[in-house]
Each structure stands twice: as C-alpha cells, then as structure tokens.
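# Structural characterization, general
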Amino acid sequence: MSIFLKKNGITKELATGFSVKYFLFGAFYVWAKQGFGKACKHSILSIITLSIYYFIQCFNYNKNC
C-alpha cells in the first residue's frame, strides 16, 4: 500500500506496512538505500537484541524512510 503526499506541487509516494525487501535482505537493503553507517547500526542492534530488532524493523522500516 502506498500513500501519496502533495506539497508545493510535488507529489511523493510513501510505502506503508510490512517491508518484504527488508525482511529478505536486511542490512544489505539498508546499505543500498541509506549507506554503510545505517547498515552497521541495524546489524549491531539485531545482534544485540537477538534479532528482535530485525523483526520489528520489518514492520517499521517503511515508516522510517
């Protein structure tokens, strides 16, 4: 599902809901979209929390981008 936002004549499409790409590729997907620093953060938090952070981010990743 997508949400379309209009402001000053510019339309932007935002995805909502479960992120299948994040679920399948994890930190590699974050690295491709946002860079190495964010990917390291996601990897470290997933390891520390025993992958709980990873599964929560599958639902929240589209909102945070």
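Bear in mind the structure is a predicted one, so any value in this text is a computation, not a measurement.

## Side note on the pairing of strand β1 (residues 2–7)
- With 0 of 6 residues buried, β1 is to be regarded as a mostly surface element.
- Connecting β1 to the antiparallel partner strand β2 (residues 10–15) that follows it, the hairpin turn spans 2 residues, and Asn8 within it adopts a positive phi of roughly 55°.

## Topic: the pairing of β2
- Taken across its 6 residues, β2 has 0 buried, putting it largely on the surface.
- Bridge analysis of β1 against β2 gives 6 bridges, and the strand direction is antiparallel. What sits directly across from Lys7, in β2, is Ile10.

## Observations concerning the nonpolar core
- Counting residues in each nonpolar core, the largest one holds 8 residues, listed as Tyr22, Tyr29, Val30, Ala39, Tyr53, Tyr54, Cys58 and Tyr61.
- Of all the secondary-structure elements, those providing two or more residues to this core are α2 (27–34) and α4 (52–64).
- Per-element accounting of this core gives the leading share, 4 residues, to α4.

## Here's the deal with the packing of helix α3 (residues 36–48) against α4
- The interhelical angle for the contact between α3 and α4, taken along N-to-C directions, is 135°, at an axis separation of 8 Å. One finds that α3 runs oblique with respect to α4. Across from Lys41, His42, Leu45 and Ser46 in α3, the residues of α4 making contact are Tyr53, Tyr54, Gln57 and Tyr61.
- Grouping the constituent residues of the contact of α3 with α4 by class yields 4 nonpolar, 3 polar and 1 charged.

## Quick look at α3
- Relative to the 18 Å expected for 13 residues at 1.5 Å per residue, α3 spans 18 Å between its end C-alpha atoms, a close match to the ideal helical length.
- Every buried residue of α3 is accounted for by Ala39, His42 and Ser46. What you see down the axis of α3 is that its buried residues fit within an arc of 65°, all on one side. Opposite the buried face of α3, at more than 90 degrees from it, the exposed residues are Phe36, Gly37, Ile44, Ile47 and Ile48.

How each quantity is defined
Residues numbered from 1 in each chain as written. Predicted model: local features only at pLDDT ≥ 70, side-chain atom pairs only at ≥ 80, totals over all residues. Heavy atoms only, no water. Buried < 20%, exposed > 50% of the residue type's maximum accessible area, 1.4 Å probe, protein only. Helix = DSSP H or I, 4+ residues; strand = E, 2+ residues; numbered from the N terminus. Pairing = 2+ DSSP bridges. Core = buried A, V, L, I, M, F, W, Y, C linked by side-chain atoms within 4.5 Å. Axes fitted to C-alpha atoms, helices over the stretch in contact; angles between N-to-C directions. Parallel < 35°, antiparallel > 145°, perpendicular 65-115°, else oblique. Contact = heavy atoms within 4.5 Å. Nonpolar A, V, L, I, M, F, W, Y, C, P; charged D, E, K, R; others polar. Expected span 1.5 Å × (residues − 1). Arc of directions from axis to C-beta.

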